[in-house]
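Here is how the chains run, residue by residue.
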Amino acid sequence: MGWIHISNPASTGAAALGPIRATSPRTAAKVDPARQFTAVAQVVRETGLLRRAPWFYATLMAGLGLALIAAGTGFVLLGDTWMQLLIAAALGILFTQFAFFSHEAAHRQVLASGPANDRVGRFVGNFIVGMSYSWWMNKHTRHHANPNQVGKDPDIAGDIIAFTEGKATNARGLMAVINKRQGWLFFPLLTLEGLNLYVQSYQWLLTRRGVKGRYIELGLLTVRFALLFGVVFWFLPLGMAFAFLGVQIAVFGAYMGAAFAVNHIGMPIIPADSKLDFFTKQVTTSRNIRGGFLASAIYGGLNYQVEHHLFPNMARVHLAKTRRIVREHSRTLDIPYTETSIPRAYAEVIEYLNRVGRFARDPFTCPVLGRYRRT
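Residues numbered from 1 in each chain as written. Predicted model: local features only at pLDDT ≥ 70, side-chain atom pairs only at ≥ 80, totals over all residues. Heavy atoms only, no water.

Within this structure, the stated rule accounts for 11 salt bridges. For the salt bridge of Glu 104 with Arg 316, the shortest nitrogen-to-oxygen distance reads 2.6 Å. Separated by 212 residues along the polypeptide, Glu 104 in helix H3 (residues 84–106) and Arg 316 in the loop between helix H14 (305–310) and helix H15 (319–333) bring together distant segments of the chain. In this pair, the class of Glu 104 matches that of Arg 316, namely buried. For the salt bridge of Arg 327 with Glu 339, the shortest nitrogen-to-oxygen distance reads 3.9 Å. Of this pair, Arg 327 sits in helix H15 while Glu 339 sits in strand S4 (residues 338–340), and the two are 12 residues apart along the sequence. Owing to a relative accessible area of 14%, Glu 339 belongs among the buried residues under this scheme. Overlapping salt bridges, with partners in common, bring together Arg 287, Arg 344, Glu 348, Glu 351 and Arg 355 in one network. (Salt bridge = Lys/Arg side-chain N within 4 Å of Asp/Glu carboxyl O. Helix = DSSP H or I, 4+ residues; strand = E, 2+ residues; numbered from the N terminus. Buried < 20%, exposed > 50% of the residue type's maximum accessible area, 1.4 Å probe, protein only.)

In structure tokens form, the structure reads like this:
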């Protein structure tokens, strides 16, 4: 099956960045890897955990809609005051929650019809969140197919953060400086992630060929930003308006980035030429976060990352019960199943990024001397 590198697997206690091979089941008769997922999927299906949850999503959207109206009302009532920055922060949180909903629609979790899910996800993603739905779908689909696999998962091919040793080693100039300290810089840099998502959305829609619904998305995005910017600059003084937008974008980016960071960063990195069965690949590269209902509300269900990757079209409310089935199945097969607390998860993210960052060259050090120092 090929070698994979594991980084801080909380549930296994294995050495960081140590090579491991896919393990064998505890039972005497080995299970065919192709049947590992089939077995657990059958149990999940028979338990009824793949059924839709329309009332949950209707309630969720109603709650988010009311919260958005409340934030807008607060914005009008507060007027010309720096307390408006609290509204800006609230909007950053709300836009992230709407992004979770759009993400679930993209995975066909919300409605029974695929096209209906796309229509809802496209409207919420573009008009409310401000992010291209088609760009997200393209990127996220490739991630789900090959999580943490070099050359196949776009989420570990970041432009600034080095998620692999090879990326860090090849860093030059300012990128090398950032990568050297990227664990500590990661969360401050996330405050710019919202702006990055907005820019990439427009770049995708304006330059990519064959984008379905291109002009619908461009229209929704443009109207969204025109309304938001127009209202903010109309009601607030210039300096306060810029501060308002800065806080909103920073909170949105930090929340979005932090929510997705704990899913896979610090989990096994799979070399490009490795072959793993579906169940092993999805379970070993994903990290669950403990915390029950509260964690699920904070992370939009992404705290059950293992189960989400195995059953991406499963409604959020069924993930907790599915967790017990998948965890037991993983234990039977001796496949590492990682689940940890929120503080520990972020500590592992920082630790892993700092470890990878040590492979970056110091731009102020002679390359030859630097090489001998590492050895």
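So, on to helix H11 (residues 238–264). Taking 1.5 Å per residue, 27 residues should reach 39 Å; H11 reaches 40 Å between its end C-alpha atoms and fits that length. Looking one or two residues past H11, Gly 266 carries a phi angle of roughly 95°, positive in sign. (Expected span 1.5 Å × (residues − 1).)

Mapping Met 240 onto the fold places it in helix H11. Residue contacts for Met 240: discarding those within four places in its chain leaves Asp 80, Thr 81 and Trp 82. (Contact = heavy atoms within 4.5 Å.)

Another aspect to go through is the nonpolar core. For soluble globular proteins, nonpolar side chains are generally found buried alongside one another. Core analysis: the largest hydrophobic core is formed by 41 residues, its most contacted members being Val 129, Met 131, Val 232, Leu 236, Phe 244 and Phe 252. Listed by contribution, the elements that provide at least two residues to this core are helix H2 (54–78), H3, helix H4 (114–129), helix H5 (133–145), helix H9 (193–207), helix H10 (214–235) and H11. For this core, the element with the highest residue contribution is H3, accounting for 9 residues. The residues contacting Val 232, other than those within four sequence positions of it, are Phe 75, Ala 241, Phe 244 and Leu 245. (Core = buried A, V, L, I, M, F, W, Y, C linked by side-chain atoms within 4.5 Å.)

Now for the confidence of the model for the chain. The predicted model of the chain has a mean per-residue pLDDT of 88, with 87% of residues at 70 or higher. Note on residues 1–29: pLDDT under 50 across the span, and 75 contacts to partners over four residues away in sequence or across chains. (pLDDT = per-residue confidence, 0-100.)

Look at H3 against H5: their axes get within 11 Å of each other, and the N-to-C directions meet at 65°. Two packed elements cross with a definite hand, and for H3 against H5 that hand is right-handed. Of the residues in H5, those touching H3 at Ser 102, His 103, Ala 105 and Ala 106 are Tyr 133, Trp 136, Met 137 and His 140. (Axes fitted to C-alpha atoms, helices over the stretch in contact; angles between N-to-C directions. Left-handed = near helix turned anticlockwise from the far one by under 90°.)

Turning next to the packing of aromatic side chains. Two numbers describe a pair of aromatic rings. These are the distance of the centres and the angle of the planes. Using the criterion set out here, one finds 17 aromatic pairs in the structure. Between the aromatic rings of Phe 186 and Phe 187, the centroid separation amounts to 5.2 Å while the plane-to-plane angle is 75°, which identifies the pairing as edge-to-face. Among the residues examined, Phe 186 registers a relative accessible area of 6% and is labelled buried. Here the aromatic rings of Phe 233 and Phe 242 are separated by 5.1 Å at their centres, their planes lie at 75°, and the arrangement is edge-to-face. The class for Phe 233 is partly exposed, based on a relative accessible area of 31%. (Phe/Tyr/Trp six-rings, centres within 6.5 Å; stacked < 30°, edge-to-face > 60°.)

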